[in-house]
Structures are given as structure tokens and as C-alpha cells.
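# Summary of the model geometry
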Amino acid sequence: MSSWLIYSIGFLAQILFSGRLLLQWILSEKSKRIITPSTFWKLSLFASFLLFVYGYLRDDFAIMLGQALTYYIYIRNLQLQGEWQKSPKLLQIFLIIFPVLIVIFAYNNGEYDLNKLFNNQEIPFWLLLLGIVSQVLFTLRFVYQWMVSEKLKESLLPVGFWRMSVVGASLILTYAIFRKDPVLFVGHIAGLVIYVRNIFIWKKQVDNEN
């Protein structure tokens, strides 16, 4: 597949990720409190779908890992909001088994080509390690968000989510610079501003409640 098409898939995914943040931020600014619209999770799921494909096409294990860890959390949040149940059954089934289909497709003669993933000449081991650690830390924000939402039986974005986003995005930006990956760089530099802004919105929200 040509590189321009691969990058197009990646940039489309980041545009959707940025779009979800922009929408969430605008609604939060208007309401003077942190808002979690269902569209945030819908765009997240579609963008994750595309970015997983992008990572696969670039033989980038760090990107694939990051998306695989959050994919089902997006689905769970849609379930908590009652939106997942409204989608067609066939679409639900396809989205649930999609990661498995990719794994099966990537299966090569009964073995995964681990050498291709972990010994990519374009990604030194130390950089791959940085990418994996960055993606895991960045993904933990959604694990935290999911745990809080399950506890409250409501899909929401607590302040801890935004604080972890700042740390994770900063590390991924570092990885993107060394990896020379414009898709990751553009997506996370834009998101970092909104993450910080949401923390300030939360502080104002707390002050107003007190």
C-alpha cells in the first residue's frame, strides 16, 4: 500500500480524535463544567478503528497496543450511555470482532511475525520501549475513566483523566519526534492544549460549587 494512503488513514483517525476533543471542549466551555457527550465515544471508536489499521500498516506495535487497550472501553462507555444498544446488531458484532479479525489476518504460517514488530529497523529498541510505555500510560487514563464510570454507573471524564492525558500525551509527543511520525505529532500537540484547558474548567467548576 502506498505511503500517502497509509498516512491518510492515520491523519483521518487523528482528525476524528481531535474532533471529539474539540466538541467536548466547546460543550464544556458553554456549560462551565466537564461534559461527556455520546458523540465523544462514537468518534473515539471510529478513530481507534482507523488508527489500529494505521499502526498495523506501519508495523508499529506501540500504536496497535495503545488502540487495542482502549477500543473496548469506548464500546463500554457507549453501553453506559445507552447508545451502543441503538446501533444495528450486525454493526455491533463487526465492531466487537474487528480486532480479532486483524489478528487472524496478521497471522503468518501459524506464527506471528514478532521479529517484524519488535525488530523494525526504523524503530530502535529503546524507542519502541518508549513508545510502548507512553501508550500504556496514555491508555491507563481510560482504564481509570472506565473504573470511575462503572462505580458511578455513568459515563464521565473525571479530572484525573485529563491529568493523565497531559502526562501521556507529552511522552507520546517525545516518541513522535524521534519516530518522525507526523500523524502522532499533529494529533497529540493539538490534544495537549485541550487536556490542560479541561483541568482549568474543572477547577472553575469546583470553585463555583464551593
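Structure's up top.
Residues numbered from 1 in each chain as written. Predicted model: local features only at pLDDT ≥ 70, side-chain atom pairs only at ≥ 80, totals over all residues. Heavy atoms only, no water.

### Quick look at the overall build of the protein chain
- A count of helical and extended segments in the protein chain gives eight helices and zero strands.
- Going from the N terminus to the C terminus, the protein chain shows its helices and strands as α-α-α-α-α-α-α-α.
- For a compact globule of 210 residues, the expected C-alpha radius of gyration is about 17 Å, and the protein chain comes in at 18 Å, within 12% of that figure.
- C-alpha atoms of the protein chain, sized along the principal axes, occupy 60 × 40 × 30 Å.
- When the 210 residues of the protein chain are sorted by exposure, 45% land in the buried category.
- In the protein chain, once contacts between residues fewer than 6 apart in sequence are set aside, the share between residues at least 24 apart is 73%.
- By element, 68% of the accessible surface of the protein chain is carried by carbon and sulfur atoms, the whole surface being about 11,100 Å².
- Of the side-chain charges in the protein chain, 19 are positive and 12 negative, and the distance between the mean point of each set is 8 Å. (Helix = DSSP H or I, 4+ residues; strand = E, 2+ residues; numbered from the N terminus. Rg over C-alpha atoms; globule rule 2.2 N^0.38 Å. Buried < 20%, exposed > 50% of the residue type's maximum accessible area, 1.4 Å probe, protein only. Contact = heavy atoms within 4.5 Å. Areas by Shrake-Rupley, 256 points an atom, 1.4 Å probe, with all protein chains shown as cover. Lys, Arg positive; Asp, Glu negative; His and termini not counted. Charge placed at Lys NZ, Arg CZ, Asp CG, Glu CD.)

### Describing helix α8 (residues 182–209)
- The end-to-end C-alpha distance of α8, which contains 28 residues, comes to 41 Å, matching closely the 40 Å that a straight helix rising 1.5 Å per residue would cover.
- Those residues of α8 not exposed but buried are Val183, Leu184, Gly187, His188, Gly191, Leu192, Ile194, Tyr195, Asn198, Ile199, Ile201 and Gln205.
- As for α8, its buried residues are in contact with α1 (3–31), α2 (38–57), α3 (61–80), α6 (125–152) and α7 (159–179). (Expected span 1.5 Å × (residues − 1).)

### Concerning the layout of surface pockets
- Reported here for the second largest pocket is a volume of approximately 230 Å³.
- Lys42, Leu45, Phe46, Phe49, Leu78, Glu83, Trp84, Ser87, Leu91, Phe94 and Leu95 together form the lining of the second largest pocket.
- Put simply, the parts of the chain that give the lining of the second largest pocket at least two residues each are α2 and α4 (89–106).
- With four residues, the top contributor of residues to the lining of the second largest pocket is α2. (1 Å grid on protein atoms, 1.4 Å probe; cavity = no way out; pocket = protein on both sides within 12 Å on 5 of 7 lines; lining within 4 Å. Points joined across faces, edges and corners; volume = space filled by probe spheres on them.)

### What to know about unusual backbone geometry
- With a phi close to 55 degrees, Lys153 is a non-glycine residue in the positive phi region.
- Along the chain, Lys153 falls in the loop between α6 and α7.
- Its identity as a non-glycine residue notwithstanding, Lys180 has a phi of 60 degrees, on the positive side.

### Topic: empty space enclosed by the protein
- This model, assessed by the stated rule, comprises one cavity of 30 Å³ or more.
- Taken as a whole, the largest cavity holds about 200 Å³ of empty space.
- Lining the largest cavity are 20 residues, and of these Phe17, Arg20, Phe138, Arg141 and His188 sit closest to its centre.
- Breaking the lining of the largest cavity down by element, the ones donating at least two residues are α1, α3, α6 and α8.

### Some thoughts on the packing of α2 against α3
- Packing of α2 against α3 brings their axes to within 9 Å, and their N-to-C directions diverge by 155 degrees. When the interaxial angle is binned, α2 and α3 end up roughly antiparallel. Crossing hand, α2 versus α3: left-handed. Of the residues in α3, those in contact with Ser38, Trp41, Lys42, Ser44, Leu45, Ser48, Phe49, Leu51, Phe52, Tyr54, Gly55 and Tyr56 of α2 are Ile63, Met64, Gln67, Ala68, Thr70, Tyr71, Tyr74, Ile75, Asn77 and Leu78.
- Of the residues in the contact of α2 with α3, the class split is 14 nonpolar, seven polar and one charged. (Axes fitted to C-alpha atoms, helices over the stretch in contact; angles between N-to-C directions. Parallel < 35°, antiparallel > 145°, perpendicular 65-115°, else oblique. Left-handed = near helix turned anticlockwise from the far one by under 90°. Nonpolar A, V, L, I, M, F, W, Y, C, P; charged D, E, K, R; others polar.)

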